[in-house]
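# Survey of secondary and tertiary structure
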Amino acid sequence: MRQQGRMFEADELAASIAHEVNQPLAAIVANAQCCLVSLGKPQPDVARAREAAERIVSNGFHASNVIRGIRAMLRRESLETAPLRINDVVADALASLSRQLRRSGISIKLRLSPDLRMVLADRTQLQQVIVNLMRNAIDSLAQVPKRSRSVEVSTCLDENGSVLVAVSDSGVGLDEQHLGRIFEPFFTTRKEGMGLGLSICRAIVEAHRGRLWATPSLPRGVTFQFTLPS
Ligand SMILES: Nc1ncnc2c1ncn2[C@@H]1O[C@H](COP(=O)(O)OP(=O)(O)O)[C@@H](O)[C@H]1O
Ligand SMILES: [Mg+2]
């Protein structure tokens, strides 16, 4: 989905929300019909009716998760900015994930430049960006053997004097055809995925007048990078 400045284009966003909520609603109707047919037989098929009812419950949960995700995406009306050191935000984000990282056996390599300028930014939102990128890295690394699970987080100044943050994993990586779609709201390849994490990250970074993009990393994995004007 295209984005204009800090806002999603309203009609496109509305269209993808409508699509995303319609799917579980259609499934609820189909499963409720199946349930009624199963119960309406001369010999009611209770087992089948129960299965249909269980699917209705999970369709309902899916729909409400979609709504929750949209709320999370739209909650950020204003930025509360203050001068901050990006390396501190990286440290906080990693600390909040430390248990998960340890449990998954992921080794973390840090290359944080010591002499960066301060950035004027919303600390909570930037932390959310880094945590979302790290969560995606963790998801991707779950699919490779433990000994090859690593993430490198680096910070530096780019050629324009912006602060550049990179999160690079050694996970499964991305197909060329997916690479162009991962920032679309609701695009996901994960069974449990909602497909909003990267949309939220991009909206936050662009609200800070920065850029966020992804490139394949070598020999495997993906590198996400974002800039923040300093
Ligand atoms: N580090 C990564 N390695 C491989 N694929 C990734 C990575 N991060 C994101 N992706 C791809 O981008 C998709 C969208 O990510 P995201 O917006 O966070 O939604 P979700 O995590 O709910 O699927 C993922 O489903 C996955 O296909
Ligand atoms: Mg995600």
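Higher on the page you've got the structure.
Quick look at the structure, then. Note that the structure is a prediction, hence the values are computed from the model and not measured.

### Here we look at the pairing of strand β9 (residues 222-228)
A large share of β9 lies buried, amounting to seven of its seven residues. Burial along β9 is two-sided: the face carrying V222, F224, F226 and L228 and the face carrying T223, Q225 and T227 are both buried. Across six bridges, the pairing between strand β7 (residues 163-169) and β9 is antiparallel. Counterpart to L164 in the pairing with β9 is T227. Pairing of strand β8 (residues 212-216) with β9, which is carried by five bridges, proceeds in the antiparallel orientation. In the strand pairing of β9, A214 is matched with F224.

### Details of the nonpolar core
Formed by 50 residues in total, the largest nonpolar core has its most connected members in L133, M134 and F226. No other element matches the nine residues that helix α5 (residues 123-141) contributes to this core. Residues from two domains meet in this core; each of domain 1 (2-74) and domain 2 (82-228) gives at least three.

### Structural notes on the pattern of salt bridges
Counting across every chain of the model gives six salt bridges. A salt bridge links E152 to R111; the shortest N-O distance between them is 2.9 Å. Here R111 lies in strand β4 (residues 107-112) and E152 lies in strand β6 (residues 150-157), a separation of 41 residues in the sequence. E152 sits in the partly exposed class, given a relative accessible area of 21%. Each of K109, R111 and E152 takes part in one network of salt bridges that share partners.

### With respect to the packing of helix α3 (residues 86-96) against α5
In contact at an axis separation of 9 Å, α3 and α5 are set at 55° when each is read in the N-to-C sense. Taken together, the axes of α3 and α5 are oblique relative to one another. When the axes of α3 and α5 are compared, the crossing they make is right-handed. Counted together, I86, D88, V89, V90, D92, A93, L94 and S96 of α3 and R123, L126, Q127, I130, V131 and M134 of α5 form the full contact between these two elements.

Cut-offs applied
Residues numbered from 1 in each chain as written. Chains lettered and ligands numbered in written order. Predicted model: local features only at pLDDT ≥ 70, side-chain atom pairs only at ≥ 80, totals over all residues. Heavy atoms only, no water. Buried < 20%, exposed > 50% of the residue type's maximum accessible area, 1.4 Å probe, protein only. Helix = DSSP H or I, 4+ residues; strand = E, 2+ residues; numbered from the N terminus. Pairing = 2+ DSSP bridges. Core = buried A, V, L, I, M, F, W, Y, C linked by side-chain atoms within 4.5 Å. Domains from an automatic or database assignment. Salt bridge = Lys/Arg side-chain N within 4 Å of Asp/Glu carboxyl O. Axes fitted to C-alpha atoms, helices over the stretch in contact; angles between N-to-C directions. Parallel < 35°, antiparallel > 145°, perpendicular 65-115°, else oblique. Left-handed = near helix turned anticlockwise from the far one by under 90°. Contact = heavy atoms within 4.5 Å.

The values reported here are purely geometric and, on their own, carry no functional implication.
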